[in-house]
Amino acid sequence: MTFASHVFRHSKQLRNGNASGLLRQDHAVLVRWFTHGTCSVASKGDDVLKNRQINNVVGENVCLCKSCSGSVSSTPMLTRGYRAVNSTKVQNGLAASGMVFSRVISCSDAQLRRRFATKSDLPPHQELGMPSLSPTMTEGNIARWLKKEGDQVAPGEVLCEVETDKATVEMECMEEGYLAKIIHGDGAKEIKVGEVIAITVEDKDDIEKFKDYKPEASGGGAPQTPPAESAPAKEEVVEKSPSPPEPKPAKPSTAPPTDRVFASPLARILAEDNNVPLSSIKGTGPDGSIVKADIEEYLASGKKDLPAAPSKADSKAPVSAINYTDIPNSQIRKVTASRLLMSKQTIPHYYLTVDTCVDKLTKLRAELNALQEASGGKKISINDLVIKAAALALRKVPQCNSSWTNDYIRQFHEVHINVAVQTDNGLFVPVVRDADKKGLSAISEDVKNLAKKARENSLKPAEYEGGTFTVSNLGGPFGVKQFCAIINPPQAGILAVGSAEKRVIPGSAAGEFKFASYMSVTLSCDHRVIDGAIGAEWLKAFKGYIENPETMLL
């Protein structure tokens, strides 16, 4: 770079010629180009000889490197460079003593940014990779393609449906062009994030050239090994193919001449399972005892045709084969399994259970549903009231509306409640946002709409991400009395709601009894975030809202 800078400063022809203005404005660019140009020094000389007269039309980008052979492209200018050509007439350039500096596009940068073909026989194209559609997504499946090869695509059009770890999401096109090649078709499974799934081109005539296209491996192929400075004479070494290991000769048994056969317990079990008589095997273990390796060698040699001694297995009745069906795991089930396993292994769970009287709650629900029916609204469920009570309790005890990190505990200012929904594809937890601020009818409508989308596998990431607390209800739909739920990370708590049952409780007068309905709820807490007293305080607040539901309307 020092040499190039010295030439530009002290060249009288360049300083006094018409290129003086260019040198003042783009001196640093010219120095960098001559020092670290996109082509080698030899190719620069070839370009100078081959391109003696160039008419650079305004609005077009002329590529002058050898690999492109001076082709004209309509691709937008992505990087700026200067090329020296020996010419006297040029439209878009500055003449300077027989040298012209013409503004061109750098091919190496274009390949990097626009992902141009690395092979000279392929036109410019763009590789579409598997997108990361959620923070926990590492791989995805192609549900189906909505476009086929050869179709024209425009920004905003849906190309395909991608099955993520939580839902099926539509993948939209970002640039206009033509879909030239689909690498992974309908139903493709376990495609890593970033892996190429399709190719698009700008020109329709280029589609046929990608008929047999195969994407390169990630990383741009194997790096070329630089030649050694001093290459010594290579000695031809003929590698001998490894010969099979010779069987070990059985060591002569040094055991005393008795009828007893010495063998390790593992060898005896293995011989008994395979009906191998120990008396026909010579041991190679200590003092000639038979070890596991002797049994395995005997089985590998195919000597099982010898008459076998009667064993315990012969006396047992044959067990009929068990019929079974292997059901492939969906992507949502795989992710749910890994996250729940991680939760139980890394989060210190503890559980708090309380019984709440729901007589007033059911009475209020009946009155509200009567008003809803009169106004044409949807009915309110017990679960809707539970979600509202949980949200208000979180606002009252914000320590439970938190998340654990190694350096701090993050306490959220908004209350977003995830609601567990069971579907044929697995467990979904869509989120009801700002549940503490919404009315019961709005919560009811949100839950019904989200549950419908979950069963249709059409939830969007914004509809299941960002929750701060989870409610799981197995009481109403399934009649489960009480259970303990697993925390949904990175949250710090989850409420497990059981069914309501009638119980006999003492009345107001002595010797008087009455019936009341009670519902059991269990709070699972992350002990790193929620201490026992804080969890109990939250349950007390929740129970107060359930047993006095009018306070939720204030």
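Predicted model only: the values in this text are computed from it and were never measured.

Peer 1: Which residues make up the overall build of the protein chain, and what values do they have?
Peer 2: The helix and strand tally for the protein chain stands at 14 helices and 23 strands. Buried residues in the protein chain amount to 39% of all 554 residues. Across the protein chain, the fraction of contacts at a sequence separation of at least 24, relative to all contacts at a separation of at least 6, is 61%. When the accessible surface of the protein chain is split by element, carbon and sulfur atoms take 53% of a total near 33600 Å².

Peer 1: Please provide a residue-by-residue account of the sheet that holds strand β6 (residues 125-129), values included.
Peer 2: If you walk across this open sheet you meet the four strands as β6-β13-β11-β8, and the pairing is antiparallel. Every other strand in the sheet has two partners, leaving β6 and β8 (152-153) as the edge strands with one partner each. Here strand β11 (residues 177-182) runs beside strand β13 (residues 196-201); their pairing, made up of four bridges, is antiparallel. Note on β13: the bridge partner recorded for I182 is A198.

Peer 1: Describe the pattern of salt bridges, with residues and values.
Peer 2: Close approach of charged atoms lets side chains of opposite charge pair. On inspection of all chains with the given rule, the structure shows 16 salt bridges. With its nearest N and O atoms 3.2 Å apart, the salt bridge here joins R503 to E501. For R503, a relative accessible area of 23% translates into the label partly exposed. K543 is the partner of E547 in a salt bridge, and the nearest nitrogen-oxygen pair spans 4.0 Å. On the criterion of helical spacing, the pair formed by E547 and K543 is a turn pair, its members being four residues apart in helix α14 (residues 532-547). Each of D355, K481, E501 and R503 takes part in one network of salt bridges that share partners.

Peer 1: Lay out the environment of S441 with the relevant residues and their values.
Peer 2: Residue position: S441 is located in helix α13 (residues 440-455). The exposure class assigned to S441 is partly exposed, which follows from its relative accessible area of 39%. The spatial distance from the C-alpha of S441 to the C-alpha of I380 is 6.7 Å, given a sequence separation of 61 residues. Apart from the residues within four sequence positions on either side, S441 is in contact with Q372 and I380.

Peer 1: So what about the packing of helix α7 (residues 265-273) against helix α8 (residues 292-300)? Which residues, and what values?
Peer 2: For any two helices packed against each other, one specifies the crossing angle of their axes together with the interaxial distance. The N-to-C vectors of α7 and α8 enclose an angle of 25°; their axes lie 8 Å apart at closest approach. Classed by the angle they form, the pair α7 and α8 counts as roughly parallel. When α7 is examined against α8, the residues L266, A267, L270 and A271 are found in contact with a partner set consisting of K292, I295 and E296.

Peer 1: Quick one: what's the story with unusual backbone geometry, residue by residue and with numbers?
Peer 2: At the junction of P489 and P490, the peptide bond is cis and its omega measures out at 10° in the coordinates. Within the fold, P490 resides in the loop between β21 (469-473) and β22 (493-506). Non-glycine residue N275 carries a positive phi angle of around 55°.

Peer 1: I'd love a proper account of the sheet that holds strand β17 (residues 417-419), names of residues and values included.
Peer 2: The strand order β14-β23-β22-β21-β17-β20 describes an open sheet built from six strands, whose pairing is mixed. Edge positions in the open sheet fall to β14 (349-357) and β20 (431-432), since each of these has one partner strand only. As paired elements, β17 and β20 share two bridges and run antiparallel to each other. Counted as the bridge partner of I417 is V432 from β20.

Peer 1: Which residues make up the side chain of N401, and what values do they have?
Peer 2: Relative to the helices and strands, N401 is located in the loop between α12 (382-396) and β15 (402-404). Residue N401 is classed as buried on the basis of its relative accessible area, which comes to 2%. A polar atom in the side chain of N401 sits 2.7 Å from the side chain of T468. If we ignore the near neighbours within four places in the chain, the residues touching N401 are L394, R410, Q411, F412, E414, V415 and T468.

Peer 1: Give a detailed account of the confidence of the model for the protein chain, specifying residues and quantitative values.
Peer 2: Looking at the protein chain, pLDDT values average 75 and 67% of them are 70 or higher. Below pLDDT 50 for its whole length, residues 35-118 participates in 142 contacts with residues either more than four positions away or in separate chains. In this model residues 218-244 is a low-confidence stretch, pLDDT under 50, and it forms zero contacts with partners more than four residues away in sequence or in other chains.

Peer 1: So, the side chain of N488: which residues are in play, and what are the values?
Peer 2: Mapped onto the elements, N488 comes out in the loop between β21 and β22. You can call N488 buried: its relative accessible area is 18%. Excluding residues within four positions of it along the chain, N488 makes contact with R339, V429 and T470.

Peer 1: Requested: an account of the state of the cysteines, with residues and values cited.
Peer 2: Enumeration according to the criterion identifies zero disulfides in this entry. Looking at the unpaired C400, the closest cysteine sulfur is the one in C525, lying at 6.1 Å. Residue C400 is classed as buried on the basis of its relative accessible area of 1%.

Peer 1: Can you explain the nonpolar core? Please cite residues and give values.
Peer 2: By size, the foremost hydrophobic cluster in this structure holds 54 residues, and its most contacted members are I417, L495, W538 and F542. With nine residues, the top contributor of residues to this core is α12. In this structure F542 touches V386, A389, A390, A393, L495 and V521, once residues within four positions along its chain are discounted.

Peer 1: Tell me about the packing of aromatic side chains, and name the residues and values.
Peer 2: Per the stated rule, a full pass over the model turns up three aromatic pairs. Judged by centre distance (5.4 Å) and plane angle (10°), the ring pair of W538 and F542 falls under stacked. Linking W538 with F542, this pair stays in helix α14, spanning four residues, or about one helical turn. When its relative accessible area of 0% is taken as the criterion, F542 is described as buried.

Peer 1: Go over the environment of I486, please, and point to the residues and values.
Peer 2: Considering the arrangement of structural elements, one finds I486 in the loop between β21 and β22. On the basis of relative accessible area, I486 is assigned to the partly exposed category, the value being 31%. Through-space distance from the C-alpha of I486 to that of L523 is 9.9 Å; in sequence the pair is 37 residues apart. Setting aside residues no more than four positions away along its own chain, I486 makes contact with L340, S343, K344, H349 and I494.

Quick notes on the rules
- Residues numbered from 1 in each chain as written.
- Predicted model: local features only at pLDDT ≥ 70, side-chain atom pairs only at ≥ 80, totals over all residues.
- Heavy atoms only, no water.
- Helix = DSSP H or I, 4+ residues; strand = E, 2+ residues; numbered from the N terminus.
- Buried < 20%, exposed > 50% of the residue type's maximum accessible area, 1.4 Å probe, protein only.
- Contact = heavy atoms within 4.5 Å.
- Areas by Shrake-Rupley, 256 points an atom, 1.4 Å probe, with all protein chains shown as cover.
- Pairing = 2+ DSSP bridges.
- Salt bridge = Lys/Arg side-chain N within 4 Å of Asp/Glu carboxyl O.
- Axes fitted to C-alpha atoms, helices over the stretch in contact; angles between N-to-C directions.
- Parallel < 35°, antiparallel > 145°, perpendicular 65-115°, else oblique.
- Polar contact = N/O pair within 3.5 Å; in protein donor to acceptor, adjacent residues only side chain to side chain.
- pLDDT = per-residue confidence, 0-100.
- Disulfide = S-S within 2.5 Å.
- Core = buried A, V, L, I, M, F, W, Y, C linked by side-chain atoms within 4.5 Å.
- Phe/Tyr/Trp six-rings, centres within 6.5 Å; stacked < 30°, edge-to-face > 60°.

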